[in-house]
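Here's the letter readout for the chains.
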Amino acid sequence: EVKLVESGGGLVQPGRSLKLSCAASGFNFNDYWMGWVRQAPGKGLEWIGEINKDSSTINYTPSLKDKFTISRDNAQNTLYLQMSKLGSEDTAIYYCARATIAAPWFAYWGQGTLVTVSS
Amino acid sequence: DIQMTQSPASLSASLGETVTIQCRASEDIYSGLAWYQQKPGKSPQLLIYGASSLQDGVPSRFSGSGSGTQYSLKISSMQTEDEGVYFCQQGLKYPLTFGSGTKLEIK
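Residues numbered from 1 in each chain as written. Chains lettered and ligands numbered in written order. Predicted model: local features only at pLDDT ≥ 70, side-chain atom pairs only at ≥ 80, totals over all residues. Heavy atoms only, no water.

Notes on the overall build of chain A
No. 1: Per the secondary structure count, chain A includes zero helices and eleven strands.
No. 2: The order of α-helices and β-strands along chain A, N terminus first, is β-β-β-β-β-β-β-β-β-β-β.
No. 3: Against the globule reference of 14 Å for 119 residues, chain A gives a C-alpha radius of gyration of 13 Å, in line with a compact fold.
No. 4: For chain A, the spread of C-alpha atoms along the three principal axes comes to 40 × 25 × 25 Å.
No. 5: Nonlocal contacts in chain A, meaning residues at least 24 apart in sequence, comprise 53% of its contacts between residues at least 6 apart. (Helix = DSSP H or I, 4+ residues; strand = E, 2+ residues; numbered from the N terminus. Rg over C-alpha atoms; globule rule 2.2 N^0.38 Å. Contact = heavy atoms within 4.5 Å.)

Below, the structure is given as structure tokens:
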């Protein structure tokens, strides 16, 4: 069974940094692109970015490119999202998701982790 | 960026009714479109990819169609469990972008 479990969310002060993790299991992690999507409270979905199998290609949504960094550790089957200079606009549920092979659709999603940016 | 516009923003349907949700892209996306369903408090679920291919395990009452800039998701016979928010997503160009969502409720 494919399983994605995010962790690392919580309350963080404006201007601070936070690193999220996504532990993957039930599939060969090395074979798939992985991505992050967020959802502000009561709002729609926003694609943050995604990383290819060997970390040689990482794509970001332009507005977050200078604040967020996606990485992965294939030995640990773990995806990461490093977030910096957080503001209230970054308050959201953060989902990690597994893309389908050779296509940019997300067939599997984690349960999400809530990040709240507030003083 | 490719903008995705969904309509309507919300709708209600009776059990057994056929429901259609529209998604328009700001440029031709050559069938590079997916549909997701999200129930309250849950993660999104992939329903349709490549504009018309049904994801494994998704009931056959769901179908997708369209081409160019215009796409639609059809539910052929509304069921209680189909309540939720539906999002379209284009996969042709980075950054990937989602529509704003359509909230579907039982009438």
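Comments concerning the interface of chain B and chain A
No. 1: Between chain B and chain A, the contact holds 21 residues from the first and 20 residues from the second.
No. 2: Interface area for chain B against chain A, summed over the two sides, is near 1,600 Å², with a carbon-plus-sulfur share of 67%.
No. 3: If you sort the residues of chain B by the area they bury against chain A, Y94, L96 and F98 of chain B come out on top, with a joint share of 33%.
No. 4: Between chain B and chain A we count six residue pairs in polar contact (both at pLDDT 80 or more) in total. (Buried area = accessible area lost by both parts, 1.4 Å probe. Polar contact = N/O pair within 3.5 Å; in protein donor to acceptor, adjacent residues only side chain to side chain.)

As for the state of the cysteines
All names here are of chain A.
No. 1: The full count for this structure, using the stated rule, is two disulfides over all chains.
No. 2: A sulfur-sulfur separation of 1.9 Å characterises the disulfide bridge that pairs C22 with C96. Here the residue C22 occupies a position in strand 3 (residues 18–25), and C96 occupies one in strand 9 (residues 92–100), the gap between them amounting to 74 residues.
No. 3: Using a relative accessible area of 0% as the deciding quantity, one classes C22 as buried.
No. 4: Look at C96 and you get buried, because its relative accessible area is 0%. (Disulfide = S-S within 2.5 Å. Buried < 20%, exposed > 50% of the residue type's maximum accessible area, 1.4 Å probe, protein only.)

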